[in-house]
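# Remarks on the overall topology
Each chain, written out:
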Amino acid sequence: DWVMTDYAQEFIDDVRKTVGEGHVIGAVSGGVDSTVAAVLMTRAIGDRFHAILVDNGCLRKDEATKVLKRMREDCGVNLRCVDASDRFLDLLKGVTEPEKKRKIIGGTFIEVFQEEAIKIEADMGKKCGYLLQGTLYPDVIESISYKGPSATIKTHHNVGGLPANMNLKLIEPLRELFKDEVRELGMALGIDEASVWRHPFPGPGLAIRILGEVTRERVKILQEADDIVIQELLNSGHYRKIGQAFTVLLPVKSVGVMGDGRTYENVASVRCVETTDYMTADFYHLPYDVMGKMSSRVINEVRGINRLCYDISSKPPATIEWE
Ligand code: XMP
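Residues numbered from 1 in each chain as written. Predicted model: local features only at pLDDT ≥ 70, side-chain atom pairs only at ≥ 80, totals over all residues. Heavy atoms only, no water.

## A look at the UniProt feature "binding site: ATP" (unreviewed entry) in the chain
Inclusion rule: UniProt positions are given in the numbering used here, feature names are shortened, and annotations may be inferred rather than shown by experiment. A helix here means a DSSP run of H or I that spans at least four residues, while a strand means a run of E at least two residues long, and both kinds are numbered starting from the N terminus. Any pair of residues with heavy atoms lying within 4.5 Å of one another is described as a contacting pair. Counting of polar contacts relies on pairs of N or O atoms within 3.5 Å, with two restrictions inside protein: one atom must be capable of donating a hydrogen and the other of accepting it, and residues adjacent in sequence are counted only when both atoms are side-chain atoms.
The residues that UniProt annotates with the feature "binding site: ATP" (unreviewed entry) are Ser29, Gly30, Gly31, Val32, Asp33, Ser34 and Thr35. Here aspartate 33 lies in helix H2 (residues 32–45). Residue position: threonine 35 is located in helix H2. In contact with threonine 35, not counting residues within four places along its chain, are Gly30, Met71 and Ile191. In this structure the side chain of threonine 35 is engaged in a polar contact, spanning 2.6 Å, whose partner is the backbone oxygen of glycine 31.

## Quick word on a negative patch on the surface
Definition in use: Every patch collects residues that have over 30% relative accessible area and no salt bridge, joining them within 9 Å if they carry like charges and within 5 Å if they are nonpolar side chains (Val, Leu, Ile, Met, Phe, Trp, Tyr). What sets the accessible areas is the Shrake-Rupley method with a 1.4 Å probe; for residues, cover comes only from the shown protein chains. Between Lys or Arg on one side and Asp or Glu on the other, a salt bridge is scored when a side-chain nitrogen of the former is within 4 Å of a carboxyl oxygen of the latter. In this tally, Asp and Glu contribute negative charge and Lys and Arg positive charge; neither His nor the terminal groups of the chain are included. The atom standing in for a charge is NZ when the residue is Lys, CZ when it is Arg, CG when it is Asp and CD when it is Glu. Residue exposure (1.4 Å probe, protein chains only): buried if accessible area is under 20% of the type maximum, exposed if over 50%, otherwise partly exposed.
There is a patch of like negative charges on the surface, built from Asp6, Glu10, Asp13, Asp14 and Glu176. For glutamate 10, a relative accessible area of 55% gives the class exposed.

## Comments concerning unusual backbone geometry
For the bond from lysine 315 to proline 316, the omega torsion is -15 degrees, close enough to zero to count as cis. Assignment of secondary structure puts proline 316 in the segment after strand E9 (305–310). Residue proline 317 is reached from proline 316 by a cis peptide bond, and omega for that bond is 5 degrees. Looking at the secondary structure, you find proline 317 in the segment after E9. Of note in the backbone geometry, aspartate 62 takes a positive phi value of approximately 55 degrees without being a glycine. Taking the relative accessible area as the measure of exposure, aspartate 62 reaches 46% and is therefore partly exposed. The backbone of tyrosine 278 sits at a positive phi, close to 65 degrees, despite the residue not being glycine. Along the chain, tyrosine 278 falls in the loop between strand E7 (261–274) and strand E8 (282–283).

## Digging into the packing of helix H1 (residues 2–19) against H2
Operational definition: The convention used is that axes are lines fitted to C-alpha atoms, helices contributing only their stretch in contact, and that angles between N-to-C directions extend from 0 to 180 degrees. Note on angle classes: values under 35 degrees are labelled roughly parallel, values over 145 roughly antiparallel, values of 65 to 115 roughly perpendicular, and the remainder oblique. Note on convention: near helix rotated counterclockwise from far helix by under a right angle means a left-handed crossing. Clockwise means right-handed. Each residue receives one of three labels: charged for Asp, Glu, Lys and Arg, nonpolar for Ala, Val, Leu, Ile, Met, Phe, Trp, Tyr, Cys and Pro, and polar for the others, Gly being one of them.
At a minimum axis separation of 9 Å, H1 and H2 run at an interaxial angle of 60 degrees. On the basis of their axis angle, the class for H1 and H2 is oblique. Of the two possible hands of crossing, H1 and H2 adopt the one that is right-handed. Seen from H1, the contacting residues are Ala8, Phe11, Ile12, Val15, Arg16 and Val19; seen from H2, they are Leu40, Met41, Arg43, Ala44 and Ile45. Within the contact of H1 with H2, the residues separate by chemical class into nine nonpolar, no polar and two charged.

## Considering the sheet that holds strand E2 (residues 49–55)
Quick reminder of the rule: Paired strands are those between which DSSP finds at least two bridges.
Strand order in the open sheet made by the five strands is E3-E2-E1-E4-E5, with parallel pairing throughout. Looking at the sheet topology across the chains shown, the edges are occupied by strand E3 (79–83) and strand E5 (169–171). The sheet shows a mean angle of 30 degrees between the axes of neighbouring strands, direction not considered. Where strand E1 (residues 24–27) and strand E4 (residues 130–132) come together, three bridges link them in parallel fashion. Note that in E4 the partner of valine 24 across the bridge is tyrosine 130. Seen against the sheet, helix H3 (residues 63–74) touches E2 and E3 and runs at an angle of roughly 170 degrees to E3.

Right under this line is the structure:
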């Protein structure tokens with residue numbers, strides 16, 4: 001794909017000129033945007049790009065380990081992971097209000113990132129002058145002009161959410177691109193398909209998919225269930241046709257039978273949507289046999305869940321996330 005190869009080369013030349021011998025820092029999540037941005041930056045300046053992955057304790061099953069391995073070993077990115085799970089989960093204790101969860105996670109994320117940046121600079125004895133962000137064109141537009149439902153009903157903090165007081169100059173290689181173009185660019189850069197085709201994952205992570213209080217035990221339950229759901233979508237070939245898929249843990253208990261015993265356990269719901277822009281979405285018509293497989297696996301394999309539902313709401317009026 002010559003258009004994207006040219007785009008990449010132009011960016012690399014530009015960055016080398018602007019950054020010179022300087023250092024760049026940036027947060028990565030392992031999602032397609034931050035992965036593509038990080039790989040581009042690594043091609044341009046190598047280890048003078050310092051990527052930070054913050055584990056907020058609300059990531060998917062084994063996510064931090066997988067991202068670390070993929071980014072470091074497969075993409076050669078100079079990445080370090082900060083395990084701040086305890087800090088986040090302690091702050092989330094007793095919190096049930098969705099916007100409050102977002103505020104805590106967003107605010108703490110900035111603190112942790114900043115502290116880590118200071119450590120990196122201390123180790124090098126040098127300042128980082130630049131901040132890499134994987135901002136896309138729709139984010140740019142939305143932050144300037146969009147006053148629609150998600151902007152006013154939910155605060156999304158993936159735009160402009162990083163430290164203003166660090167005095168860093170922003171570098172945003174993807175700010176002219178749409179999501180599908182970022183995927184094309186990712187393919188042109190030789191990033192593995194699984195990374196390029198991953199569904200988006202919200203900054204607050206599983207915290208807004210655990211309705212009610214977020215506890216370590218509930219994170220673990222949801223991680224296990226969600227992992228099975230995603231595996232079954234991948235196995236059945238539906239993952240790629242879906243815009244976003246995930247599992248939600250409800251603050252509801254239901255009665256079930258297991259062997260000769262009665263159970264009284266959690267209910268979870270699977271959400272799969274078809275969408276192009278995430279502003280509107282239809283529930284995905286997942287075949288019953290795939291649902292059946294998910295349900296028997298989740299209920300048999302995950303301790304703490306005895307009922308699985310499928311969300312048949314479209315956006316609007318429902319949103320994609322439940323919180
Ligand atoms: P909704 O639920 O508003 O979601 O229909 C639209 C898209 O935005 C994602 N989303 C978030 N992303 N921080 C993020 O980084 C957030 O607080 C947040 N809330 C929703 C959601 O996953 C979907 O892709």
